[in-house]
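A look at the structure
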Amino acid sequence: MSSIDIKQPSARQRLLDAAARLFYADGIAATGIDAITTEAGVARKSLYNNFGSKQDLMLAYIEARHEEWLELYRARLEQAQSPRARVLAVFDAYLDHARSAYPHGFRGCGLLNAAAEFPVDSPGREAVRRHKEEVEHILTGHLREAGVTYSAAMAEHLSFLLEGAMSRAGLEGSPERLSHARRIASRLLEGR
């Protein structure tokens, strides 16, 4: 009988996964190194060997969270058959994110939650800002492709709609506000 060799995630990945769960559930400031290493099942030294500091781990968490959203968006984008559908794919990716299984409940955008904990001009806030700017840039491109004259202004409007809906959805613990925002965006695109 042969044994099946199941490869365990690396210590780095286990630390990042543990940090993601704890940062989202409890907040970055409230989550200590010991909680992360215990959750990951690794020695404390492993965190410093892989990330150097809690701040480096936090920045890796933000980048991983951003990549996670981009993967959801790319999956939705593959299904979108028109420029209008590509704009709505951004909303659908946010909805997919909100509908994910969260052990302690949905708390809204993990990036905005993290940014709220960081001082102005900190590397963490800058990373979150870049993500939000990229989302708005994606919207601008799809709106331009759809022939919307003021695509940058409309993208800004839709990003405000999206982020406001995400904030309310997080407060309410339900994606319903995001569904409503998607319907509003769809109507706005029909009336352009």
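For the structure given in this document, a descriptive report is provided here. Values in this document were obtained by computation on a predicted structure and should not be read as measured data.

**Regarding the overall build of the protein**
- Scanning the protein from N- to C-terminus turns up nine helices and zero strands.
- The order of α-helices and β-strands along the protein, N terminus first, is α-α-α-α-α-α-α-α-α.
- Once the C-alpha set of the protein is aligned to its principal axes, its extents read approximately 55 × 55 × 25 Å.
- Counting every position in the protein, which comprises 192 residues, the buried fraction comes to 43%.
- When the accessible area of the protein is evaluated, it comes to approximately 10,400 Å², of which 52% is carbon and sulfur surface.

**Some words on the packing of aromatic side chains**
- Per the stated rule, a full pass over the model turns up three aromatic pairs.
- Aromatic pair Phe23 and Tyr61: ring centres 5.2 Å apart, planes at 80°, arrangement edge-to-face. One end of the pair, Phe23, is in helix H1 (residues 11-26); the other, Tyr61, is in helix H4 (residues 54-79), and 38 residues separate them in sequence.
- You can call Tyr61 buried: its relative accessible area is 2%.
- For the pair Trp69 and Tyr73, a centre-to-centre distance of 5.4 Å together with 5° between the ring planes defines the contact as stacked. Placement of the pair is Trp69 and Tyr73 together in helix H4, with a separation of four residues, close to one helical turn. Grouping residues by exposure puts Trp69 and Tyr73 together as buried.
- By way of ring pairs, the aromatic residues Trp69, Tyr73 and Tyr94 are connected into one cluster.

**Some words on the side chain of Lys132**
- Mapping Lys132 onto the fold places it in helix H7 (residues 123-145).
- Lys132 gets classed as buried once you look at its relative accessible area, which sits at 15%.
- A distance of 3.3 Å separates polar atoms of two side chains, one belonging to Lys132 and the other to Tyr94.
- If we ignore the near neighbours within four places in the chain, the residues touching Lys132 are Tyr94, Cys109, Leu112 and Glu163.

**Points about the environment of Gly108**
- Along the polypeptide, Gly108 turns up in the loop between helix H5 (83-98) and helix H6 (110-115).
- On the accessibility criterion, Gly108 (2% relative accessible area) is buried.
- Spatially, the C-alpha atoms of Gly108 and Gly164 are 10 Å apart, while their sequence positions differ by 56 residues.
- Residues within four places of Gly108 in sequence aside, it is in contact with Tyr24, His97, Asn113, Met166 and Gly170.

**Some details on the nonpolar core**
- Counting 58 residues, the largest nonpolar core has Ile36, Trp69, Val90, Leu158 and Leu178 as the members making the most contacts within it.
- Top contributing element to this core by residue count: H5, with nine residues.
- Other than its neighbours up to four places away in sequence, Val90 contacts Trp69, Tyr73, Val135, Ile138, Leu139 and Leu162.

**Considerations on the environment of Asn50**
- Here Asn50 lies in helix H3 (residues 44-51).
- With near-sequence residues (within four places) excluded, Asn50 lies in contact with Ala11, Arg12 and Leu15.

**Some details on the packing of H1 against H3**
- One way to put it is that H1 packs onto H3 with a least axis distance of 10 Å and a crossing angle of 100°. On the basis of their axis angle, the class for H1 and H3 is roughly perpendicular. Here Ala11, Arg12, Leu15 and Leu16 of H1 come into contact with H3, specifically with Ser46, Leu47, Asn50 and Phe51.
- The residue makeup of the contact of H1 with H3, split by class, is five nonpolar, two polar and one charged.

**Here we look at the side chain of Thr31**
- Among the secondary structure elements, Thr31 is positioned in the loop between H1 and helix H2 (33-40).
- Given the relative accessible area of 2%, Thr31 is considered buried.
- For Thr31, the side chain forms a polar contact with the main-chain oxygen of Gly27, separated by 2.6 Å.
- Leaving out residues up to four positions away in the same chain, Thr31 has contacts with Leu22, Phe23, Asp26, Ile36 and Lys54.

Each value, and the rule that gives it
Residues numbered from 1 in each chain as written. Predicted model: local features only at pLDDT ≥ 70, side-chain atom pairs only at ≥ 80, totals over all residues. Heavy atoms only, no water. Helix = DSSP H or I, 4+ residues; strand = E, 2+ residues; numbered from the N terminus. Buried < 20%, exposed > 50% of the residue type's maximum accessible area, 1.4 Å probe, protein only. Areas by Shrake-Rupley, 256 points an atom, 1.4 Å probe, with all protein chains shown as cover. Phe/Tyr/Trp six-rings, centres within 6.5 Å; stacked < 30°, edge-to-face > 60°. Polar contact = N/O pair within 3.5 Å; in protein donor to acceptor, adjacent residues only side chain to side chain. Contact = heavy atoms within 4.5 Å. Core = buried A, V, L, I, M, F, W, Y, C linked by side-chain atoms within 4.5 Å. Axes fitted to C-alpha atoms, helices over the stretch in contact; angles between N-to-C directions. Parallel < 35°, antiparallel > 145°, perpendicular 65-115°, else oblique. Nonpolar A, V, L, I, M, F, W, Y, C, P; charged D, E, K, R; others polar.

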